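A structural walkthrough
Each chain, letter by letter, is given below.
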Amino acid sequence: MKEAQIICVGCPLGCRATLKVSREGEVLEVTGCRCKEGRRYVVEEFRNPVRVLTATVLTEGSRVPLLPVRTSSPIPKEKLREAMKALAKVRAKPPLRAGEVVLEDLLGTGVDLVATRDLPS
Amino acid sequence: MRLQGVDVAVIGAGPAGMAAAIRAKEAGAQRVLLVERQEELGGLLHQCIHNGFGLLYFGEDLTGPEYAKRFIDRVYDLGVETLLETTVLEISPERGIRVINKGGLQSFRPKAVVLAMGCRERTRDQLGIPGGRPAGIFTAGTAQRLVNVEGLLPGRRVVILGSGDVGMIMARRLTLEGARVEAVVEILPYVGGLIRNEVQCLHDFDIPLLLEHTVTEVHGERHLEGVTVAKVDPHRRPIPGTEIQIECDTLLLSVGLIPENELSRRAGVELDPLTGGPTVDQWRETTVPGVFAGGNVLHVHDLVDNCSWEAELAAEGAVRFAKGERTEGREICLRPGRNVRYVVPQRIRGEGPVTLFLRVREMEEGMRVRVGDLWQKRFRVVKPSEQIKVELSPKDLRRLPDGVAEIRVECEVAG
Ligand SMILES: Cc1cc2nc3c(=O)[nH]c(=O)nc-3n(C[C@H](O)[C@H](O)[C@H](O)COP(=O)(O)OP(=O)(O)OC[C@H]3O[C@@H](n4cnc5c(N)ncnc54)[C@H](O)[C@@H]3O)c2cc1C
Ligand code: SF4
C-alpha cells in the first residue's frame, strides 16, 4: 500500500487529502476532505490529472507577433511540456477566427489546439 | 465624430466598460459612447490568455481573449459608438470631459458618465526595497504583456515577489516558456491567490513557495544579478540572520492592485481610503451627481465576471440619471465592522436591490458574515483573497426600521 497527498481545489478551504492506494493503483481510502465533491475530485486528480493548456504561437503574415491559443479540452498534465515543444513549431497564418483549429490532435491526445482570438492580417 | 448629445459616456473599454456600454444601450440610452486609449476594446483581458474567466457570467471556462470577444461583438452589434486610441484627460465636477487623440483635443458633456478605467499595479517605489536601480525588475502585469502580447521573455532566472493570482499565473507561464522560476516569495503565512492557482501554477511545476519571506535587497549595477530574501516575524519585519541569496536576472512584483483614481480625484468624487476607489451608492453613483463607476476602478475584484456585473449596475443607474429619473429616499451608511476590510457600496439610497461586495482582513475558519440584521451566512473559511458577494432584495431593505442611519457589516465567530 502507498499513500498520496492531494490538495483539493474545489473551494477556498483547500483541504489536504491523503489517499491510501493499493499496489495495483486502486484508491482504497480518502481522508482529509470535508465534502463529497472534494473526495470525487481528489480521486480523479489522482487517477488522471488533466489541465487545459493556454499559451501563444508565433504568427506569420500578421501585424501581431503572437496568437493566443488553448487546448479544446484538458490534456494529461505530464504532457504539458512536450505540448509546448510542439507549439513552438507552429506558425499561425491569417485569416484565422477565434475557435478555429490551429493544430489538430495535439501529441495524439485527440485534443485540438484552437485560436482564442481572431488573427488580423 | 459628433460628441455633443451623448447620453452615457463610458471611460475605459475593459470588461467593466464594455459591459456598461452594452447595458446602457439595452436599457434604452440613445447614444452611448465608449472611450478607450488603446487601439482595441478589451482592456487587460488581451494579455490574460489563461482560462478561468466567465465561469459565473457565462457558465463556461473561457480565456481572457474569449471572454473579451463575447463583449466586443455585442458592443458593435448594438451600435455603441467607440472612440479608440483616445485618452480622457479630465472629467470636471460638472461632467465636462476632455479627450485627446490624433485629431487633437475635444470637450463634451454627456448626460451621465460611467468610470471604468480599471486599476494599476503597485510598484517597487511603493514597497521601498533597498538596492540600486538595475534593469530586470518588472511588475507582473508588465511581464504578462511582454510575454503574452509582444512575445518577449523578460529573463531566464526569475524570482516573483507576491503570491497573488497574477504572480502565480506568470510563474507557470514563464516556466512553460523555458525560464526558471527560482521562487515565489510571499510575506504572509498563506498564498495571496486562489488555491487552484497554487496547485496548478506552482505545485505542478515544483516551483518553490517561500511563505513568510520577503525580498530585502536587490543586487546588480546595470542589470539585476540577484536578490536577498529573508524570513519575516509576525509583524512582517525581516528577521536578521535568516537572509539567503538567490541568483536571478529578473524580479517580478505581484504585490497588489490599486484602483486607477487620477480622473476620479480630479472630478472631485469622494474616495474611500479602504478601497482606493470612489465611494458609491447601490447604483454605483459617486458623490458627483451623474458620475458612476464599476469594475476595478471602484475596488479590485478577483473575478472578472463581477467586474462586468457591477458595471451593468452602474450603467442602469447612468441611464436613469440621463433620463432625469432621480433615486431619492433615505440614506443609510454601510460600515465595515469586525474583520471586514471594506464594503462596497458605502451607502444605500432609497430602494433595493443592493449588490454588495466585501473583503475580510484576516483568514478565519467557522465564521458568520452579517449585514446588520438584514442578511447573514455561514462560511467554512473567509480569506482576504476571496471577495464575498451579497445580494439584498427590495424586500430585505423594507424590513429596516425607520430612522436607521447605519448598518454594520461584520464577520463574527459562528456559534
Ligand atoms: C496585470 C493584471 C493581470 C490580471 N489578471 C487577471 C486574471 O488573470 N484574471 C482575473 O479575473 N483578473 C485579472 N486581473 C484583474 C483584472 O484587472 C480584472 O479582472 C479586469 O480586467 C478588470 O476590468 P476593468 O474593466 O475594471 O479594467 P481593465 O481591464 O483594466 O480596463 C480598463 C480600461 O480602461 C482604459 N483606460 C484607463 N484610463 C483611461 C483613460 N484615461 N482614457 C481612456 N481609457 C482609459 C484602459 O486602457 C483599459 O482598457 C488582472 C489585473 C492586472 C492589473
Ligand atoms: S474537499 Fe470539499 S471542503 Fe475541502 S476543499 Fe474540496 S470542495 Fe472544499
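Anyway, here's the lowdown on the structure attached to this text. (Residues numbered from 1 in each chain as written. Chains lettered and ligands numbered in written order. Predicted model: local features only at pLDDT ≥ 70, side-chain atom pairs only at ≥ 80, totals over all residues. Heavy atoms only, no water.)

Another point: the nonpolar core. Residues and elements named next belong to chain B. Counting residues in hydrophobic clusters, the biggest one holds 39 residues, and the most contacted among them are V8, V10, M18, L34 and V114. Those elements giving two or more residues to this core turn out to be β1 (8–11), α1 (15–26), β2 (32–35), α2 (64–77), β9 (112–115) and α8 (304–322). In terms of residues, this core owes the most to one element, α8, which gives 10 residues. (Core = buried A, V, L, I, M, F, W, Y, C linked by side-chain atoms within 4.5 Å. Buried < 20%, exposed > 50% of the residue type's maximum accessible area, 1.4 Å probe, protein only. Helix = DSSP H or I, 4+ residues; strand = E, 2+ residues; numbered from the N terminus.)

Here we come to the site of ligand 1. All names here are of chain B. In the vicinity of ligand 1 lie 30 residues, with A16, E36, H50, V88 and N296 positioned nearest. In the model, an oxygen atom of ligand 1 is placed 2.4 Å from a nitrogen or oxygen of the H50 side chain. Within the backbone of D302, an N or O atom sits 3.3 Å from an oxygen atom of ligand 1. Within the complex, the protein chains bury 93% of what would otherwise be the 970 Å² of accessible surface of ligand 1. Of all the elements in the fold, those that place two or more residues in the shell around ligand 1 are α1, β6 (87–91), α4 (140–150) and α8. The class makeup of the residues in the shell around ligand 1 is 14 nonpolar, 13 polar and 3 charged. (Near = heavy atom within 4 Å. Polar contact = N/O pair within 3.5 Å; in protein donor to acceptor, adjacent residues only side chain to side chain. Areas by Shrake-Rupley, 256 points an atom, 1.4 Å probe, with all protein chains shown as cover. Nonpolar A, V, L, I, M, F, W, Y, C, P; charged D, E, K, R; others polar.)

This part covers the packing of aromatic side chains. All names here are of chain B. In the structure shown here, the tally under the stated rule is 8 aromatic pairs over all chains. When the centroid spacing of 4.9 Å and the interplanar angle of 65 degrees are considered together, the rings of Y57 and F58 count as edge-to-face. Here the aromatic rings of Y57 and Y67 are separated by 6.4 Å at their centres, their planes lie at 75 degrees, and the arrangement is edge-to-face. Residue Y57 is located in the loop between β3 (51–53) and β4 (62–63), and its partner Y67 is located in helix α2; the two are separated by 10 residues in the primary sequence. Under the relative-accessibility criterion, Y57 is labelled partly exposed at 23%. (Phe/Tyr/Trp six-rings, centres within 6.5 Å; stacked < 30°, edge-to-face > 60°.)

Looking now at the sheet that holds strand β27 (residues 388–392) of chain B. Residue and element names in this part refer to chain B. Taken together, 3 strands build an open sheet; the order of strands is β22-β24-β27 and the sheet is antiparallel. Unpaired on one side and paired on the other, β22 (340–344) and β27 mark the two borders of the sheet. Recorded for the sheet is a direction-independent mean angle of 25 degrees between the axes of neighbouring strands. Pairing between β22 and strand β24 (residues 354–360): 4 bridges, direction antiparallel. Each bridged residue has a counterpart across the sheet, and for V344 the counterpart in β24 is F357. Contacts from α8 reach β22, β24 and β27, with the element oriented near 140 degrees to β24. (Pairing = 2+ DSSP bridges. Axes fitted to C-alpha atoms, helices over the stretch in contact; angles between N-to-C directions. Contact = heavy atoms within 4.5 Å.)

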